[in-house]
Amino acid sequence: MIAADPRDRSVLRIFGIPTSVETEHTPGARPQIALKLYEGLIQAVLDSGVIYSLRNVRVADDFYVEYLREQRSLWLKYQQILGSRLLIRMTDEQAESFEETVRQLQAPEPAKAAETEPASLQGEMALLRAKGQRIELPARRLQHYAHIKTLILNAGGVYSRNGFQFGAAIDVTQVLNRLRGGEKPNPKKDRQAFYTPEDVAAETVAWAMECLGDLTGKRMLEPSAGEGALAEPARAADAKVIAVEINGPSAQILRDKGFEVIERDFLSLSLADIGLFDVVIANPPFSKDQDITHVIHMWRFLRPGGVLVSLTSPGWRTGRTKAQRNFRAFVDNIGAEVEALPAGAFKASGTKVSVLRLRAVKQVEGALQGSHRQG
């Protein structure tokens, strides 16, 4: 046998002894049986009296041990070169003792489920650590990892090797403390920030371009821009994009992407603040009729001949509130086209909400309004 340093978790390989320890079945592989070293196992070998001691080497990297049962001998073999060295020839009694010892050299079995209390979610939350702009995962496997991951992603984290990264403006320690306290922070849900999926964003910008020919040099506004899902394809089409976003972390993401950002509540802005635009493309928040309030406000920033394209909820079409009735009249008055997006269009953004898309061209003063069509 080989006695390795207890701190060395090398693997001993022994031929020819039937045993219940892990076996390797790779064709052509020299080792047939692998025994992992643990302090208790090392002591068992030391106590067996059949020892050849090697120090300051990594056993598995340099050597393996071959047991020739018929010769009752142990040979030290080299992994990289041909050659071997006789360690010991055993008596029948020694061989019997050796084989019995080897059969018993197994890693301790894990504790049975009934003997181990399952870890609680909050207990595993306590193992997480805030480090800079990250929440670090512990080295041990978490039983509640799927749940913990969902909570952290909803809180604004993005998975990054062995942890979750947060934006520069986020107080990560505060987020972690809230999670440990049983809260479920979800800033996107709180702000109705269900960002436009990439395919929907591309189609929406393309729908605006049908009315303008192209966006080259056009002044484009994305109100309540989030992280710029609509601004990015517009910029790729050579539009001059202005993004308005009230949320600090999202505004910083937009700046990092190179956009001109106005960090304000869009509904608080006036023409004196930002002027007129050739095109406005938006995905405003939907709850409490915020979408219809935003669309009416967007219309004010559109120059004659400009085009407005916005996503909205379908609620205004059948709703009975005064705001919803007035918005139906507004949509009819501006001659907007309305279409329903396919079911599940926003599934990738974490919501199953139904979505409409409307488009309208602001008429030059004195021109006849075009008719609208609804789909």
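Before any of the text, the structure's been laid out above.
Throughout what follows, the structure given in this document is the object of discussion. Quick caveat: nothing in here was measured; it's all calculated off a predicted structure.

### Observations concerning the sheet that holds strand 10 (residues 158–160)
With antiparallel pairing, the four strands of this open sheet are ordered in space as 8-9-11-10. The two strands at the open ends of the sheet, each matched to only one other strand, are strand 8 (129–131) and strand 10. Taken pair by pair, the neighbouring strands of this sheet meet at an average axis angle of 30°, ignoring direction. Both strand 10 and strand 11 (residues 163–165) contribute to a ladder of three bridges, which runs antiparallel. What sits directly across from serine 160, in strand 11, is glycine 163. The sheet strands contacting helix 5 (residues 145–154) are strand 9 (134–136), strand 10 and strand 11, and the helix crosses strand 11 at an angle near 10°. The sheet contacts of helix 6 (residues 172–180) involve strand 8 and strand 9, and relative to strand 8 the element is tilted by about 170°.

### Focus: the pattern of salt bridges
Here the structure, examined in full by the defined rule, presents twelve salt bridges. The residue glutamate 124 makes a salt bridge to arginine 140 at a minimum N-O spacing of 3.9 Å. Of the two residues, glutamate 124 sits in helix 4 (residues 121–125) while arginine 140 sits in the loop between strand 9 and helix 5, which places them 16 residues apart along the sequence. A residue is classified by how much of its surface remains accessible, and arginine 140, at 47% relative accessible area, is partly exposed. One salt bridge in this structure joins arginine 255 and glutamate 263, with 2.5 Å as the shortest N-O distance. With a relative accessible area of 34%, arginine 255 lands in the partly exposed category. One network of salt bridges, in which partners are shared, links Glu203, Glu339 and Arg357.

### Quick word on the environment of glutamine 133
Locating glutamine 133 in the fold gives a position in the loop between strand 8 and strand 9. For glutamine 133, a relative accessible area of 26% translates into the label partly exposed. Each C-alpha atom, one on glutamine 133 and one on isoleucine 170, is 7.4 Å from the other, the two residues being 37 residues apart in sequence.

### Things to note about the side chain of glutamine 324
In this structure, glutamine 324 sits in helix 14 (residues 322–333). A polar contact of 3.4 Å, which involves the side chain of glutamine 324, links it to the side chain of aspartate 289. Excluding its chain neighbours within four sequence positions, the residues that come into contact with glutamine 324 are Asp289, Ile292, Gly315, Trp316 and Gly319.

### Quick notes on the environment of arginine 300
By the element assignment, arginine 300 lies in the loop between helix 12 (290–299) and strand 16 (302–312). For arginine 300, a relative accessible area of 48% corresponds to the partly exposed category. Here the alpha-carbon distance between arginine 300 and glycine 275, two residues 25 residues apart in the chain, equals 9.6 Å. Excluding residues within four positions of it along the chain, arginine 300 makes contact with Leu271, Leu276 and Lys362.

### Some details on the sheet that holds strand 14 (residues 260–262)
Pairing is mixed in the open sheet, where seven strands are placed in the order 14-13-12-15-16-18-17. With partners counted over all chains shown, the strands left at the sheet margins are strand 14 and strand 17 (337–340), one partner each. Across the sheet, the axes of successive neighbouring strands diverge by a mean angle of 15°, strand direction being ignored. Relative to strand 18 (residues 356–361), strand 17 is paired through four bridges, and the arrangement is antiparallel. Paired with alanine 340 across the strands is leucine 356, a residue of strand 18.

### What about the packing of helix 12 against helix 14?
Put simply, helix 12 and helix 14 touch, their axes get as near as 10 Å, and they point 40° apart. Put simply, helix 12 runs oblique to helix 14. The hand of the helix 12/helix 14 crossing is left-handed. Residues Ile292, Val295, Ile296 and Trp299 of helix 12 pack against Ala323, Gln324, Phe327 and Phe330 of helix 14. Residue classes in the contact of helix 12 with helix 14 are distributed as seven nonpolar, one polar and no charged.

Basis of the calculations
Residues numbered from 1 in each chain as written. Predicted model: local features only at pLDDT ≥ 70, side-chain atom pairs only at ≥ 80, totals over all residues. Heavy atoms only, no water. Pairing = 2+ DSSP bridges. Helix = DSSP H or I, 4+ residues; strand = E, 2+ residues; numbered from the N terminus. Axes fitted to C-alpha atoms, helices over the stretch in contact; angles between N-to-C directions. Contact = heavy atoms within 4.5 Å. Salt bridge = Lys/Arg side-chain N within 4 Å of Asp/Glu carboxyl O. Buried < 20%, exposed > 50% of the residue type's maximum accessible area, 1.4 Å probe, protein only. Polar contact = N/O pair within 3.5 Å; in protein donor to acceptor, adjacent residues only side chain to side chain. Parallel < 35°, antiparallel > 145°, perpendicular 65-115°, else oblique. Left-handed = near helix turned anticlockwise from the far one by under 90°. Nonpolar A, V, L, I, M, F, W, Y, C, P; charged D, E, K, R; others polar.

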